[in-house]
Amino acid sequence: MTATQALPVASAGVIILFALLVFRRFAQRGGMHLLLWGIGLSLFGVGSLAEAYSALGWHPTVFRLWYLGGAILNAAWLGQGTVYLLAGQRLPNVLVAVLLGYAAAAVLFLGLERLLGWGVGIVATLIAFHGVIFTWAIYRRWARRWSGTRLAGVLTASLIAGSLAAAYLIFAVPLDAAAFDAAQPLSAQYREILPAGAQVRRLTPIFNIYGTIALVGGALYSAWLLWRKEILPNRVLGNILIAGGALAIAFASTQLRFGLADYLYLAELVAAILMFAGFLLATARAPATAAAPAPLRAESSS
Amino acid sequence: MPLRGDRVPLRLRRVERPALTRSSLYRLAVPIALVVLGAVMLALLVLAGGVLLGLLPYPGR
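As the structure is a computational prediction, the values presented were derived from the model and not from experiment.

Draft legend 1. Representation of the overall build of chain A. Of regular secondary structure, chain A possesses 10 helices and zero strands. Going from N to C terminus, chain A has its helices and strands arranged as α-α-α-α-α-α-α-α-α-α. Relative to the globule expectation of 19 Å for 302 residues, the C-alpha radius of gyration of chain A, 21 Å, shows essentially globular dimensions. On the principal axes, the C-alpha backbone points of chain A span a range of 75 × 55 × 30 Å.

Next up, the structure:
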């Protein structure tokens, strides 16, 4: 068995087990974040299973499911779970402020670049710098006052609409089956199979930027909050593992897109193991015994 | 020592702390890990944003 065949099978095995545990937890406790994480993990699993199938042969629907579940949607749906989990900490508000702030900066400076003919470096720097200022202004003036829970609902509705649009686009696009080679990973040949300039490719960074901010940013923010309060170290370490896993796959995807290296299948397995380990650690019960001094609790007199 | 029923100011309450949170390795390693992972995340977001806005060359397109 080659690495192209073995790695996706191993990733799919880990992710399916992970998704089943998350869905079981959702069935026991409820919680929108668990449902959305379960959906995101299922999309991840669909991508891995499609990779495993494609090591044996070609099927256009399998390729389309790989691109939809594995390349476009899974990070955004996983991140949406974190958005719900941190709705009380105003993560949805921050996300909306970031999206609006950077959209405003991009529209302003890309427009000015066309008028004034600035260089790419200047425009990128101006967008990066002013995006922070616009984000801060939008958050302070409007976004922080909105209901986090309602905003999470609006973001979920937008994600559903965007996912349906992406599904329509990937199933409508013609594929070049002659470019397929079962001996190569899909990550090494999807550019030749998909037509150049396909609309669906332009959607991929949007979903992945959103997913990375929500999933990785949310996990790091949670870890920082708990570390600062000096409580629940298992959740601190679990969140760090989740962030590390998500970044492993984001890093490999970025390198692949820039044509630098292709180790996406390995990164998927690393991401699956790290995120699963992080979830198990974060949801583990704290030990009953503590080395800290005996607690001195103030009881209410009423 | 306050007895049951006495009101104790918040700042005087001693909360149970897990042993790990008081270890020096944990106190040092966690913020370093958060900063490193945060920096990687920002770098990847800048690259992805550059691709999205057409500012960076994208061989895959």
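Let's pick the thread back up.
Draft legend 2. Layout of the overall build of chain B. From N to C terminus, chain B includes one helix and zero strands. Relative to its 61 residues, chain B shows a buried fraction of 13%.

Draft legend 3. Summary view of the nonpolar core. Residues and elements named next belong to chain A. F18, V83, L95, A243 and A246 are the most contacted members of the largest nonpolar core, which totals 106 residues. A total of 15 residues in this core trace back to one element, the largest contributor, which is helix α3 (residues 60–85). Apart from residues lying up to four places away in sequence, V83 is in contact with L91, P92, L95, A152, L155 and A214.

Draft legend 4. Representation of the packing of helix α1 (residues 3–29) of chain A against helix α2 (residues 32–54) of chain A in the model. Residues and elements named next belong to chain A. The geometry of α1 relative to α2 is characterised by a closest axis approach of 8 Å and an angle of 160° between their N-to-C directions. By the criterion of interaxial angle, the relationship of α1 to α2 is roughly antiparallel. Of the two elements, α1 crosses α2, and the hand of that crossing is left-handed. Per-class residue counts for the contact of α1 with α2 are 17 nonpolar, six polar and two charged.

Draft legend 5. Inspection of unusual backbone geometry at higher detail. All names here are of chain A. Although it is not a glycine, E230 adopts a positive phi angle of roughly 60°. The topology assignment puts E230 in the loop between α8 (199–229) and α9 (233–257). Even without being a glycine, L232 presents a positive backbone phi close to 45°. Here L232 is to be found in the loop between α8 and α9.

Draft legend 6. Representation of the confidence of the model for chain A within the structure. Residue and element names in this part refer to chain A. Per-residue pLDDT for chain A has a mean of 91; in total, 94% of the residues score no lower than 70. Averaged pLDDT values for the elements of chain A fall to 91 in helix α7 (residues 186–193) and rise to 97 in α2. Contacts from residues 288–302, a stretch scored under 50 in pLDDT, to residues over four places away or in other chains number 23 contacts.

Draft legend 7. Seen up close, the packing of helix α4 (residues 91–116) of chain A against helix α5 (residues 120–141) of chain A. All names here are of chain A. Look at α4 against α5: their axes get within 7 Å of each other, and the N-to-C directions meet at 140°. As judged from the angle between their axes, α4 and α5 are oblique. Crossing geometry of α4 relative to α5 is assigned as right-handed. Tallied by class, the residues present in the contact of α4 with α5 amount to 16 nonpolar, five polar and one charged.

Draft legend 8. Main features of the environment of L215(A). All names here are of chain A. Structurally, L215 can be placed in helix α8. With 30 C-beta atoms counted inside 10 Å, the residue L215 sits in the buried group. C-alpha separation for the pair L215 and I138, spaced 77 residues apart in sequence, amounts to 22 Å. With residues up to four places along the chain from it excluded, the contact list for L215 reads A75, L78, G79, T82 and A246.

Draft legend 9. How the structure looks around the environment of L25(B). With respect to the element layout, L25(B) can be found in helix α1 (residues 24–52). Put simply, L25(B) and L37(B) are 12 residues apart on the chain and 18 Å apart in space, counted from C-alpha to C-alpha.

Draft legend 10. How the structure looks around the confidence of the model for chain B. Mean pLDDT for chain B: 79, with 67% of residues reaching 70 or above. The ipTM value of the predicted complex is 0.88, and its pTM value is 0.88.

Reading the values: the criteria
- Residues numbered from 1 in each chain as written.
- Chains lettered and ligands numbered in written order.
- Predicted model: local features only at pLDDT ≥ 70, side-chain atom pairs only at ≥ 80, totals over all residues.
- Helix = DSSP H or I, 4+ residues; strand = E, 2+ residues; numbered from the N terminus.
- Rg over C-alpha atoms; globule rule 2.2 N^0.38 Å.
- Buried ≥ 20, exposed ≤ 12 C-beta atoms within 10 Å, placed from the backbone.
- Core = buried A, V, L, I, M, F, W, Y, C linked by C-beta atoms within 7 Å.
- Contact = placed C-beta atoms within 7 Å.
- Axes fitted to C-alpha atoms, helices over the stretch in contact; angles between N-to-C directions.
- Parallel < 35°, antiparallel > 145°, perpendicular 65-115°, else oblique.
- Left-handed = near helix turned anticlockwise from the far one by under 90°.
- Nonpolar A, V, L, I, M, F, W, Y, C, P; charged D, E, K, R; others polar.
- pLDDT = per-residue confidence, 0-100.

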